[in-house]
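# Notes for the structure review
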Amino acid sequence: MLAVGAAVAAVVLMGAGGDDSPDDKPTASASSSPRPTLSLPSELPSKLPSEVPTRLPSQFPTELPSEFPSGLESLIPSLAADEVPYYLLQAGDCFDTDAARPGQAAKRSCREPHDAEVVKVTELEGDYASDSALKKAASDLCEQILDSKAESQPEDTVRGTLVQYPDTTGYRVGIDDVACSLAADTGVGSRKLTQPLT
């Protein structure tokens, strides 16, 4: 057993010693350079907080607003199953309009009579100070696509366009969609589309 221990010690010494040439002597700067030490605390704090705050504010606000700000009514979806705000329409959706509810669209099957069909939904960008500025920007976004789509329809199928866009209040809260649609009539009339656009 002693011989094995001596052999292990010899191997360790040979690996660490290198050859005994005079050029391999350690320099003074290498042997005297300080070595960093790491000191870790040996104990954790003996006492941790045992109490959790239990006091809550005694007064909460009692006057909360009971009504929505004015002008947001058109942003709130109707409860009717077939009605949605115009900004939830997608390209290919067919719908009826109601002059009394300009921000709403009653979805319909494209194979049944309907007022209009969405050709494209696009987004407004930029700053607009008035509803008329929003209307112009929305109309400009839709003009080319609607003209092109109308030309490809059978004669006397569509007679108008419908561009739905947010008012300034809706735009300020992030509604920036514009629905570009072709309609059977220029307004809500007795004439209807009866099949999907081609």
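## Considering the overall build of the protein
Each helix and strand in the protein was counted, giving four helices and six strands. Mapped from its N terminus to its C terminus, the protein presents α and β elements in the order α-α-β-β-β-β-α-β-α-β. Sequence separation of at least 24 residues holds for 63% of the intrachain contacts in the protein that already meet a minimum separation of 6. For the protein, the exposed area adds up to about 15,000 Å²; of that, 56% sits on carbon and sulfur atoms.

## Here we look at the pattern of salt bridges
Enumeration over the complete set of coordinates arrives at nine salt bridges. Between D156 and R159 there is a salt bridge, and its shortest N-O distance comes to 3.4 Å. Since its relative accessible area comes to 48%, D156 is described here as partly exposed. A salt bridge links R191 to D156, with the shortest nitrogen-to-oxygen separation between them at 3.7 Å.

## Describing the state of the cysteines
For the coordinates displayed, the defined rule picks out two disulfides. Bridging C94 to C110, the disulfide has an S-S length of 1.9 Å. Residues C94 and C110 are joined by a disulfide whose S-S torsion is about 100 degrees; by sign, that bridge is right-handed. With C94 in strand β2 (residues 94-96) and C110 in the loop between β3 (104-108) and β4 (116-123), this residue pair connects regions lying 16 residues apart in the sequence. Accessibility classification places C94 together with C110 in one group, the buried group. The side chain of C142 participates in a disulfide bridge whose partner is C180; the two sulfur atoms lie 1.9 Å from each other. Every disulfide takes its handedness from the sign of the S-S torsion; for C142 and C180 that torsion is -70 degrees, giving left-handed. On the criterion of sequence distance, the pair formed by C142 in helix α3 (residues 131-151) and C180 in strand β6 (residues 177-183) is long-range, its members being 38 residues apart. There is no split in this pair, since C142 and C180 are both buried. Disulfide partners in the protein, listed by the sequence order of the bonded cysteines, are 1-2, 3-4.

## Some remarks on the packing of aromatic side chains
Counting across every chain of the model gives two aromatic pairs. Judged by centre distance (5.6 Å) and plane angle (85 degrees), the rings of Y86 and Y87 are edge-to-face. A centroid spacing of 5.5 Å and a plane angle of 70 degrees characterise the contact between Y128 and Y171, whose relative ring orientation is edge-to-face. Taken together, the positions of Y128 in the loop between β4 and α3 and Y171 in helix α4 (residues 168-172) put the pair 43 residues apart, joining distant regions of the chain. On the accessibility criterion, Y128 (24% relative accessible area) is partly exposed.

Cut-offs applied
- Numbers given to residues run from 1 along each chain, matching the order in which its sequence is written.
- Only residues with pLDDT of at least 70 get local features here, since the model is predicted, and only at 80 or more are side-chain atom pairs given and counted; chain-wide, interface and lining totals rely on the full set of residues.
- The basis for the side-chain values is all heavy atoms of the structure; hydrogens and waters are excluded.
- Put simply, DSSP H or I for four residues or longer makes a helix, DSSP E for two residues or longer makes a strand, and each gets a number counted from the N terminus.
- Pairs of residues are marked as contacts when any of their non-hydrogen atoms sit within 4.5 Å.
- Working definition of accessibility: Shrake-Rupley area with a 1.4 Å probe, residue cover restricted to the visible protein chains.
- Salt bridge, as used here, is a side-chain nitrogen of Lys or Arg placed within 4 Å of a carboxyl oxygen of Asp or Glu.
- When accessible area is computed with a 1.4 Å probe and restricted to protein chains, residues below 20% of their type maximum are described as buried, those above 50% as exposed, and intermediate ones as partly exposed.
- To count as a disulfide, a pair of cysteine sulfur atoms needs to be within 2.5 Å.
- Any Phe, Tyr or Trp ring, taking Trp's six-membered ring, that has another such ring centre within 6.5 Å forms a pair; planes under 30 degrees apart are called stacked, those over 60 apart edge-to-face, and the others tilted.

Geometric values such as these leave the question of function open.
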